[in-house]
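Given next are the chains, with one letter for each unit.
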Protein chains: 2
Amino acid sequence: MKKQKIDTMKELSVAIGVSRPTLSRYFQDPQSVRRSTAARIQRELEKIEYVPNFFATRMNRKTTGLIGVIIPYLNDLFFTKLLQAIEIAAMDAGFTVIMQCSHFDPDIEARAAQTFMSMSVDGALVVPLGNQSDLKTYERLQERLPFVLVDSRPTTMPNVDFVGSDHWQSTGLITEYLCRVGPPPIFLAMPRVNFNAMEREHAYIECMERLGHEPEVVGTELIEDFWYFEEHGEAVMNAAFARGQYIDRSVLCVNDRVAIGALRAASRHGLVPGRGAKGGLRIAGHDDYPLCPFTAPSLTTVAQNVDAIGKAAVSRLVQKMRGGFAPGQPEIQLFDGALKLRESA
Amino acid sequence: MKKQKIDTMKELSVAIGVSRPTLSRYFQDPQSVRRSTAARIQRELEKIEYVPNFFATRMNRKTTGLIGVIIPYLNDLFFTKLLQAIEIAAMDAGFTVIMQCSHFDPDIEARAAQTFMSMSVDGALVVPLGNQSDLKTYERLQERLPFVLVDSRPTTMPNVDFVGSDHWQSTGLITEYLCRVGPPPIFLAMPRVNFNAMEREHAYIECMERLGHEPEVVGTELIEDFWYFEEHGEAVMNAAFARGQYIDRSVLCVNDRVAIGALRAASRHGLVPGRGAKGGLRIAGHDDYPLCPFTAPSLTTVAQNVDAIGKAAVSRLVQKMRGGFAPGQPEIQLFDGALKLRESA
């Protein structure tokens, strides 16, 4: 038997004999109505075909219950880990996350923001491309919506709330560790298009100078398409190892994906980086990419506190949604990194 | 100076002196109006503050331009690669992808489907959890929306369009290859909760029997939380290698993430799998996970044609959206895998 089909709350109210306000309350929160009423609604709903219209049911309270999230790239487990932390925190706060990827393209990023505004999401969390981002997009977003930047903070957007890692602390921590256990590290960087990468590079230099060592940065030249981090790390270190360079140095990589490439280069040259190796090659990274325990040797790194970042970003966003969003002093929340000692350094 | 704020197409039409139908056409496709008109609209839009309401502008043609995509898990580069292929194909077809993750939870999966229905997405592509999925969710989805299953095909949903890999072909291909170059492989499986995993296991057994070899499946017992594939592969092979077992065999892993764990176990036991090793250990995977070229040794595998799968799924979905979606014979599209020979086997 085909179920009766119902499209509006009004028809639904008639069909199951429960008042509209009670139905509304039920759909916002089933526990806000009497248990017997909830059971009755539940029972009746099973007999009919009804999909509550998201936008219609939310219209009265002027919210959609949606949080839009923009991430720059999909094939990077750091971003997926961050997105997962955001999703879990959003679910706990009663929101549904809608994700769009900007694929490292400022036009797609602008369109994603536009889509979120058109869909009337309650707020947006954006991991921005960086200075390539179209500033106008963000200005409009900020006028229209509560919005918080996550993970990467463009210098061009100083007056926006931000949640991320304290790269001065995290990079300093691992630089000091490497100096303590072996020769002072070189820094395997990447092309300077990413804020976090630049901040880590500067933090490395500052820390080395503070400790009285000569900083040495390699790999800032563009080798292949920029976002293939592993390829970049492998290509730079492969060339160096082939010249017999750095084979007995510590190599601090700007992130773990670059370090995975460097480990691969080491393996091709028969080198086994490790903290046991006295005076020998050591390789370390930054982030605690989920695969670090499974590389050979497993990768020593400094972990970003991704769960705390996701949680704080959602929490700040919800706070802005609830309190309105008068422009004022932006809130900047930075989380410390923690050393993860494994085999490679 | 604060820009004039405008909320409806009607107000916009008055403000910039262009008729509503022309404006509508412009927002659907700027090239569908005369160039001078487009330039004028463009110029005027810059002076005012107007965000076209997604749902309002699309109301007339009864579409939202949105495709909803559900994937089961975020921290897996196979799913992100597939999602990326879908996004690119959808963009080419003029649609915006809205992604939700089901986090391997049937309740979250059901809610994601519900959200898509409420948002009136034009269609949905779903990578399902499998037999754990709530069948009712899919029945309602199918009644309401054009919808295509991707990657994994629950036996409980035989009458839904499906696009994925031909695991009999792909697994047969790599099983035959391993038999050709070394001792017949054992199969490192995983707990049998995933259709693709089961299909590959059956395909391996069938191929081995066809070639006159004794199939041997290991690792079907649940070791840790199921979705930590690398941990699973490492734990199973670590225990075996510690017993001196399989150290001179070929090991075909159910997927590359399990194989990464197996490589790690080999490295811990000082074993270097490779195709050079006569009679020695070989390890191979399935999928062509993006990190395969960077493991040590690099991982031999059979690649799924992810780009073709994403493209075909979007294409089939768009076809259903345009032609209505009368129930009929489901269309099943399976793509062949291709060998990727690297160092590990």
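The name given to chain A in an unreviewed UniProt entry is LacI family transcriptional regulator, and the organism recorded there is Notoacmeibacter marinus.

Let's talk about the overall build of chain A
Each helix and strand in chain A was counted, giving 12 helices and 14 strands. Within chain A, the proportion of its 345 residues that are buried is 57%. Relative to all contacts within chain A whose residues are 6 or more apart in sequence, the contacts with residues 24 or more apart total 71%. In the structure as shown, chain A presents an accessible area of about 14,600 Å², 50% of it carried by carbon and sulfur atoms.

Here we look at the packing of aromatic side chains
All names here are of chain B. Evaluated as defined, the whole model comprises 8 aromatic pairs over all chains. Each ring, one from Phe187 and one from Tyr204, has its centre 5.0 Å from the other, and the planes form 25 degrees; the classification is stacked. You can see Phe187 sitting in strand β8 (residues 186-188) and its partner Tyr204 sitting in helix α9 (residues 195-210), a full 17 residues away along the chain.

Points about the sheet that holds strand β9 (residues 217-218) of chain B
Residues and elements named next belong to chain B. What the 4 strands build is an open sheet, ordered β9-β8-β10-β11; its pairing is parallel. Edge strands, defined here as strands with exactly one partner in the open sheet, are β9 and β11 (282-284). Of the pairings in the sheet, the one linking β8 to strand β10 (residues 250-253) comprises 3 bridges and is parallel in character. Paired with Ile186 across the bridge in β10 is Val251. Across the face of the sheet, helix α8 (residues 167-181) comes into contact with β10 and β11 while running at roughly 170 degrees to β10.

Remarks on the relation of the copies chain B and chain A
Comparison of the two chain copies shows a relationship of rotation about an axis with a shift along it. Expressed as a screw transformation, the operator carrying chain B onto chain A has a rotation angle of 180 degrees and an axial translation of 0.1 Å, and the superposed copies differ by an RMSD of 0.1 Å. Taken together, the turn and the small shift mark the pair as related by a two-fold rotation axis. Considering only C-alpha atoms, the residue of chain B closest to the rotation axis is Met99 of chain B, which sits at 2.6 Å. Most of the interface of chain B is mirrored in chain A: 100% of its interface residues are interface residues there too.

Focus: the interface of chain B and chain A
Interfaces are often described in size by the accessible area the parts lose on coming together. Of the residues lining the interface, 56 residues belong to chain B; the matching set on chain A comes to 56 residues. Per-residue buried area on chain B facing chain A is highest for Arg144, Arg264 and Phe294 of chain B; these three make up 15% of the total on that side. Between Glu343 of chain A and Arg264 of chain B there is a salt bridge, with the nearest N and O atoms lying 2.9 Å from each other. Our count for the contact surface shared by chain B and chain A stands at 13 residue pairs in polar contact (both at pLDDT 80 or more). Looking at the side of chain B that touches chain A residue by residue, the classes come out as 26 nonpolar, 14 polar and 16 charged.

A few points about the sheet that holds strand β9 (residues 217-218) of chain A
All names here are of chain A. In spatial order, the strands read β9-β8-β10-β11; together these 4 strands make up an open sheet with parallel pairing. Lying at the two open borders of the sheet, with one neighbouring strand each, are β9 and β11 (282-284). The strands that helix α9 (residues 195-210) touches are β8 (186-188), β9 and β10 (250-253); relative to β8, the one it contacts most, it runs at about 180 degrees.

Observations regarding the packing of helix α5 (residues 77-92) of chain B against helix α12 (residues 306-322) of chain B
Residues and elements named next belong to chain B. With their axes 8 Å apart at the nearest point, α5 and α12 run at an angle of 45 degrees to one another. As judged from the angle between their axes, α5 and α12 are oblique. Remark: the crossing between α5 and α12 carries right-handed chirality. Of the residues in α12, those in contact with Phe78, Lys81, Leu82, Ala85, Ile86, Ala89 and Ala90 of α5 are Val306, Asp307, Ile309, Gly310, Lys311 and Val314. Among the residues making up the contact of α5 with α12, the classes are represented as 9 nonpolar, 1 polar and 3 charged.

Criteria and thresholds
Residues numbered from 1 in each chain as written. Chains lettered and ligands numbered in written order. Predicted model: local features only at pLDDT ≥ 70, side-chain atom pairs only at ≥ 80, totals over all residues. Heavy atoms only, no water. Helix = DSSP H or I, 4+ residues; strand = E, 2+ residues; numbered from the N terminus. Buried < 20%, exposed > 50% of the residue type's maximum accessible area, 1.4 Å probe, protein only. Contact = heavy atoms within 4.5 Å. Areas by Shrake-Rupley, 256 points an atom, 1.4 Å probe, with all protein chains shown as cover. Phe/Tyr/Trp six-rings, centres within 6.5 Å; stacked < 30°, edge-to-face > 60°. Pairing = 2+ DSSP bridges. Axes fitted to C-alpha atoms, helices over the stretch in contact; angles between N-to-C directions. Least-squares fit on C-alpha atoms with pLDDT ≥ 70 in both. Buried area = accessible area lost by both parts, 1.4 Å probe. Salt bridge = Lys/Arg side-chain N within 4 Å of Asp/Glu carboxyl O. Polar contact = N/O pair within 3.5 Å; in protein donor to acceptor, adjacent residues only side chain to side chain. Nonpolar A, V, L, I, M, F, W, Y, C, P; charged D, E, K, R; others polar. Parallel < 35°, antiparallel > 145°, perpendicular 65-115°, else oblique. Left-handed = near helix turned anticlockwise from the far one by under 90°.

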